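Reading the structure
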Amino acid sequence: MHVAPVGGTAVQDHVALAEIELCGELIIAASAAGGDRLSLESIDQVLKVAEEREDVPGAPRSGAQ
């Protein structure tokens, strides 16, 4: 029988952890929506999409067409 050694051998995937956190935020927002589907705007707000775009040079600003 093989048992994982004790003492800090866990590997952390920071991208996976960030995705799990975002999924959790979406689940919380969806449960607070009261049975209705979240709009695309609500999803973008939960995921802070506009903030991410503002940090990228040359990216379109929110509301810009």
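Residues numbered from 1 in each chain as written. Predicted model: local features only at pLDDT ≥ 70, side-chain atom pairs only at ≥ 80, totals over all residues. Heavy atoms only, no water.

**Notes on the overall build of the protein**
A count of helical and extended segments in the protein gives three helices and zero strands. Along the protein, from the amino end to the carboxyl end, the secondary structure elements read α-α-α. Classification of the 65 residues of the protein by burial places 3% in the buried group. For the protein, the accessible area works out to roughly 6,000 Å², and carbon and sulfur atoms hold 57% of it. (Helix = DSSP H or I, 4+ residues; strand = E, 2+ residues; numbered from the N terminus. Buried < 20%, exposed > 50% of the residue type's maximum accessible area, 1.4 Å probe, protein only. Areas by Shrake-Rupley, 256 points an atom, 1.4 Å probe, with all protein chains shown as cover.)

**A word on unusual backbone geometry**
Notably, Lys 48 is not glycine yet its phi reads approximately 55°, a positive angle. Note on Lys 48: relative accessible area 46%, which makes it partly exposed.

**A word on helix α1 (residues 14-32)**
For α1, with 19 residues, the first-to-last C-alpha span of 27 Å sits near the 27 Å given by 1.5 Å per residue. Where α1 begins, the capping side chain belongs to Asp 13, and its oxygen is found 3.1 Å from the backbone nitrogen of Val 15. The positive-phi residue at the C-terminal boundary of α1 is Gly 34, with phi of around 75°. (Expected span 1.5 Å × (residues − 1). Polar contact = N/O pair within 3.5 Å; in protein donor to acceptor, adjacent residues only side chain to side chain.)

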